[in-house]
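# Structural overview
In case you want the letters, here they are:
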Amino acid sequence: MGGRCSRERSPSTETYETYPLLNDDTPKPLRVTTIAGQFDRSGYRDGKGSRALFSTLGGIDVHPDGTVYVTDSDNSAVRRISRKEGEKNGYWVDTLARDEDWLGKPRGLALSRNNAIVVTNLESHNLVKMSVTGKNLAVFAGAASNDFDLNKGFTDDRNPLQARFNGPIDVIHEKKTNYYFVTDSRNHCIRQISPGGVVKTIAGTGSAGADDGPGRSSRFNRPSELACVATGDKIVVYVPDDYNNALRRVVARRAEMDKAGDAYTVSTVTTGFRHPWGIAVDSRGFIYVSDSGGIKRVNPDDGTVETVLSQAQTGIWTSKPGRLAIDSTGKRLYFVQGHSVRFVEVSPPPPSRSFSENGSNFCCCCS
């Protein structure tokens, strides 16, 4: 699709017809804003948001200061989108790292609590860690061989470099415990990496299925992105289960995350999606999920699903919204679509739920 336009097109701030946003009786104009890239033109170029070009956008995360980080898979790059004073569009894109040998085809991306960046490498079946400036690239988990066929597998290990993955799609960092969680998509499972580097399968058997229950007996079918929350004494990981068209929940008590055997339990929050992919959780515990129909919001207490942004409202019919991230205010929901990075302002629902069992202590502290 790239190169069909003969001149540069600035990303637009699109205002569509008036739609009622969720839990609000007052209709508001729904605004979808493109901050970087051009949805129908691929390439590789840094610079102001309106001129920057991306290829296949993968993971996305937002720093509390509003800086957006993305993986640009086919360009083997990690890119940064930041506000720049004096720019008409207000956004500037630069490349933190571009290295085919180290990054391969980066997909998922997570910012850690010490501002390191961890990305999943779909092609070489490992995870790579770097500084927030894009320096000091090193394999974080999985094999470091250039023979990618030798890298893939399904092995837990106390040494993270001896563990094996098969198509890791996404990674998320839980800041309070300093644990990482990984969707190991082609192994149909969820993996955990402890602060000491121990890699452990917490959910999934390695074969496709749809079973709930104890973590190591449960089954997934191509799990995609991840979101996690800390609530009371528990860790809750939410997973869009792509081929099962479901949203799944993986739960453990913090004190038992490292115990031998099954520490986690898997349940289904709700079904009825069309290939769910992206996910984000706001500060009140409501879950945003992207699928082929747009972006939905889920109340995890009862599984109620409401549409936040339909595909029609994005103004783009040729590409569905992909990966999601929400800013620290819980109001600006970022998503990738085509070759562009966009956001929509969402109206927070009223505080009608308390996430934890005792009605308090909810904390969305994962990146």
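Note that the structure is predicted; figures quoted are calculated from it, not measured.

Right, let's get into the overall build of the chain. Counting its regular elements, the chain contains three helices and 28 strands. A total of 367 residues make up the chain; the buried ones form 58% of that total. The contacts of the chain with a sequence gap of at least 6 include a subset with a gap of at least 24, amounting to 50%. Total accessible area computed for the chain in this model is approximately 14700 Å², and 44% of it derives from carbon and sulfur atoms.

All right, on to unusual backbone geometry then. With phi around 50 degrees, Ser 76 is a residue other than glycine that occupies positive phi space. Assignment of secondary structure puts Ser 76 in the loop between β5 (68–72) and β6 (77–83). Under the relative-accessibility criterion, Ser 76 is labelled buried at 8%. Here the phi dihedral of Asn 115 falls at roughly 70 degrees; this positive angle occurs in a residue that is not glycine. By the secondary structure assignment, Asn 115 is in the loop between β8 (106–111) and β9 (117–121).

On to the sheet that holds strand β24 (residues 304–310), then. One key point about sheets: their strands pair by backbone hydrogen bonds, in either a parallel or an antiparallel sense. Across the sheet, which stays open at both edges, the four strands sit in the order β21-β22-β23-β24 with antiparallel pairing between neighbours. With partners counted over all chains shown, the strands left at the sheet margins are β21 (279–281) and β24, one partner each. Averaged over all pairs of adjacent strands, the angle between their axes in this sheet comes to 25 degrees, without regard to strand direction. By the bridge criterion, six bridges tie strand β23 (residues 294–299) to β24 in an arrangement that is antiparallel. Counterpart to Gly 294 in the pairing with β24 is Ser 310.

Another aspect to go through is the sheet that holds strand β7 (residues 91–98). Spatially, five strands are ordered β3-β7-β6-β5-β4 in an open sheet, and the strand pairing comes out antiparallel. Two strands in the sheet have a free side with no partner beyond their single neighbour: β3 (47–48) and β4 (57–62).

Here we take up the nonpolar core. In terms of nonpolar packing, the biggest core is built from 19 residues, with Phe 181, Val 237, Val 250 and Tyr 264 touching the most fellow members. The leading source of residues in this core is strand β18 (residues 234–241), at three residues. Sequence-distant contacts of Val 250, that is, excluding residues within four places in its chain, are made with Ile 202, Ala 203, Phe 220, Ile 235, Val 236, Val 237, Val 239, Tyr 264, Thr 265 and Val 266. Counting 17 residues, the second-largest nonpolar core is a separate cluster that includes Ala 36, Tyr 91, Val 93 and Tyr 334.

Within the element layout of this structure, Thr 177 appears in the loop between β12 (168–174) and β13 (179–184). Filtering out sequence-adjacent residues up to four positions away, Thr 177 remains in contact with Pro 195, Ile 235, Arg 254 and Met 257.

Another point: the environment of Val 199. Structurally, the position occupied by Val 199 is in strand β15 (residues 199–203). Sequence separation between Val 199 and Arg 158 is 41 residues, and the spatial gap between their C-alpha atoms is 6.1 Å. If sequence neighbours within four positions are ignored, Val 199 has contacts with Asp 156, Asp 157, Pro 160, Ala 163, Phe 165, Arg 191, Gln 192 and Ile 193.

Our next topic: the pairing of strand β20 (residues 265–271). Pairing geometry for strand β16 (residues 213–214) and β20, over two bridges, is antiparallel. Looking at the pairing, Gly 213 lines up with Val 266 of β20. The pairing of strand β19 (residues 246–253) with β20 spans six bridges and is classified as antiparallel. Bridge pairing in β20 links Arg 249 to Ser 267.

Attention now moves to the pattern of salt bridges. All told, the structure shown has 15 salt bridges when counted by the stated rule. Asp 74 is paired through a salt bridge with Lys 105; the nearest N and O atoms lie 3.0 Å apart. On the criterion of sequence distance, the pair formed by Asp 74 in the loop between β5 and β6 and Lys 105 in the loop between α1 (100–103) and β8 is long-range, its members being 31 residues apart. Owing to a relative accessible area of 42%, Asp 74 belongs among the partly exposed residues under this scheme. Between Arg 248 and Asp 212 there is a salt bridge whose closest N-O contact spans 2.9 Å. Residue Arg 248 is found in strand β19, and its partner Asp 212 is found in the loop between β15 and β16; the two are separated by 36 residues along the sequence. The class of Arg 248 is buried, set by a relative accessible area of 1%.

Let us look at the side chain of Arg 323. You can see Arg 323 is positioned in the loop between α3 (311–314) and β25 (324–326). Within polar-contact distance, the side chain of Arg 323 engages the backbone oxygen of Ile 169 at 3.5 Å.

The relation between two aromatic rings is expressed through the spacing of the ring centres and the mutual angle of the planes. One pass over the structure, following the stated rule, counts two aromatic pairs. We note Arg 191 situated over the ring of Phe 165; from NZ or CZ to the ring centre the distance is 4.7 Å. In this structure, Arg 332 packs its charged tip against the face of Phe 343, placed 3.8 Å from the ring centre.

Moving on, we get to the pairing of β15. A regular strand carries its side chains on alternate faces of the sheet. Extensive coverage of β15 is indicated by the burial of five of its five residues. For strand β14 (residues 189–193) and β15, the ladder comprises four bridges, and the chain directions are antiparallel. Following the sheet pairing, Gln 192 is matched in β15 by Lys 200. The loop that links β14 with its antiparallel partner β15 comprises five residues; one of these, Gly 197, has a positive phi angle of about 95 degrees.

So, how was this worked out
Residues numbered from 1 in each chain as written. Predicted model: local features only at pLDDT ≥ 70, side-chain atom pairs only at ≥ 80, totals over all residues. Heavy atoms only, no water. Helix = DSSP H or I, 4+ residues; strand = E, 2+ residues; numbered from the N terminus. Buried < 20%, exposed > 50% of the residue type's maximum accessible area, 1.4 Å probe, protein only. Contact = heavy atoms within 4.5 Å. Areas by Shrake-Rupley, 256 points an atom, 1.4 Å probe, with all protein chains shown as cover. Pairing = 2+ DSSP bridges. Axes fitted to C-alpha atoms, helices over the stretch in contact; angles between N-to-C directions. Core = buried A, V, L, I, M, F, W, Y, C linked by side-chain atoms within 4.5 Å. Salt bridge = Lys/Arg side-chain N within 4 Å of Asp/Glu carboxyl O. Polar contact = N/O pair within 3.5 Å; in protein donor to acceptor, adjacent residues only side chain to side chain. Phe/Tyr/Trp six-rings, centres within 6.5 Å; stacked < 30°, edge-to-face > 60°. Lys NZ or Arg CZ within 6 Å of the ring centre and 35° of its normal.

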